Amino acid sequence: SNESKSTIAKYKTIIIANRRAYIGGVESHKILPGNQNIQDQHNTQPGINCKKQAGVIKIGQNLDRMIKSPVNQFDIFPEENFIDVAINDGESITHLMSYNDRILQFKESSLYIINISGDYEYLEAQYKYMGINFPSQVTETELGVIWVNKLGCFLYNGEGPPKNLLQDKLRLASDESSDIEVSQFFSWDTFVGNTGMIGYMQKMKQVVLFEDPSSTASGDVLIL
């Protein structure tokens, strides 16, 4: 009815978990209800009325906020259902993943693990420097969630903190003072850059890591 207030939301990322939809990076809008039977001032025929269409206005932007839907209603996001367990850190939500009754909330620099196993969500852990810039930097496997950034390739399986799969296996950072000749793969951070991508081949149980696509027209790949 015209008396009710409605909100609509644009969002950067969405995940379905525990029969709810969780959205992150929210831009909220309000629907202004239309008024009925308004005389059309441009209509010269008397007695003919028109309807004023509903309007939409932007009322807020919370790029570090999550909102959840009611149970089994995946397209409704009441504004009071917000989840602000990891806000005001100067970062925006870039992607959401779910695993083992937890939501992995990725931001540009940080990773937040949010427990959703009970009636209320709560922040379980925070990990600095494990964030991602783009959704293409994370994928899901039967072993857990795997993602890449300039510091490594990480696996989260719900048992303790994420593990860096490249630790002690590759030169993670370039060393400008090194005398080693610069090769095609000098270090991980030069290979993956800020926009390196990840994929998973389930039949072969292999993780595929793609070179930063912004650095070259035809890049290399690594297979784990």
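Predicted, not measured: the structure shown is a model, and the values here were computed from it.

A. Looking closely at the packing of aromatic side chains. Scanning the model with the defined rule gives three aromatic pairs in all. On the basis of an interplanar angle of 70° and a centroid distance of 5.1 Å, the ring pair of Phe106 and Trp147 is categorised as edge-to-face. Linking Phe106 in strand β8 (residues 102–107) with Trp147 in strand β12 (residues 144–149), this pair joins segments that are 41 residues apart in sequence. Each member of the pair Phe106 and Trp147 is classed as buried. With centroids separated by 5.7 Å and ring planes inclined at 25°, the aromatic side chains of Trp147 and Phe154 adopt a geometry described as stacked. Over the face of the ring belonging to Phe82 we find Arg65, whose NZ or CZ atom lies 4.3 Å from the ring centre.

B. Representation of the sheet that holds strand β15 (residues 197–201) in the model. Taken together, the three strands give an open sheet; going across it, the order is β15-β16-β17, and neighbouring strands pair in antiparallel fashion. Pairing within the sheet leaves two strands with one partner each, and these edge strands are β15 and β17 (221–223). Adjacent strand axes in the sheet meet at a mean angle of 20°, parallel and antiparallel pairs treated alike.

C. Highlighting the sheet that holds strand β10 (residues 122–127). With respect to topology, four strands assemble into an open sheet ordered β7-β8-β9-β10, the strand pairing being antiparallel. Single-partner strands in this sheet number two, and they are β7 (93–98) and β10. Neighbour-to-neighbour, the strand axes of the sheet open up by a mean angle of 20°, direction not taken into account. When strand β9 (residues 111–115) meets β10, the two strands line up antiparallel, connected through five bridges. Within the sheet, the bridge partner assigned to Ile114 lies in β10 and is Leu123.

D. Quick peek at a nonpolar patch on the surface. Among the surface-exposed residues, Met197, Met201, Met204, Phe210, Val221 and Ile223 lie close enough to one another that they form a single nonpolar patch of about 490 Å² accessible area. Relative to the assigned elements, Met204 resides in the loop between β15 and β16 (206–210). Among the residues examined, Met204 registers a relative accessible area of 52% and is labelled exposed.

E. Quick look at the nonpolar core. Counting 15 residues, the largest nonpolar core has Leu104, Phe106, Leu111, Ile113, Val138, Val145 and Trp147 as the members making the most contacts within it. Where this core is concerned, the elements lending two or more residues are β8, β9, β10, β12 and β13 (152–156). By size, the runner-up hydrophobic cluster in this structure holds 11 residues, among which are Cys153, Leu155, Trp188 and Ile198.

F. How the structure looks around the environment of Gly199. When you line up the elements, Gly199 lands in strand β15. Distance in space between the C-alpha atoms of Gly199 and Leu209 is 6.5 Å, their sequence separation being 10 residues. Residues within four places of Gly199 in sequence aside, it is in contact with Thr139, Gln206, Val207, Val208 and Phe210.

Analysis parameters
- Residues numbered from 1 in each chain as written.
- Predicted model: local features only at pLDDT ≥ 70, side-chain atom pairs only at ≥ 80, totals over all residues.
- Heavy atoms only, no water.
- Phe/Tyr/Trp six-rings, centres within 6.5 Å; stacked < 30°, edge-to-face > 60°.
- Helix = DSSP H or I, 4+ residues; strand = E, 2+ residues; numbered from the N terminus.
- Buried < 20%, exposed > 50% of the residue type's maximum accessible area, 1.4 Å probe, protein only.
- Lys NZ or Arg CZ within 6 Å of the ring centre and 35° of its normal.
- Pairing = 2+ DSSP bridges.
- Axes fitted to C-alpha atoms, helices over the stretch in contact; angles between N-to-C directions.
- Patch = residues over 30% accessible without salt bridge, like charges linked within 9 Å, V, L, I, M, F, W, Y side chains within 5 Å.
- Areas by Shrake-Rupley, 256 points an atom, 1.4 Å probe, with all protein chains shown as cover.
- Salt bridge = Lys/Arg side-chain N within 4 Å of Asp/Glu carboxyl O.
- Core = buried A, V, L, I, M, F, W, Y, C linked by side-chain atoms within 4.5 Å.
- Contact = heavy atoms within 4.5 Å.

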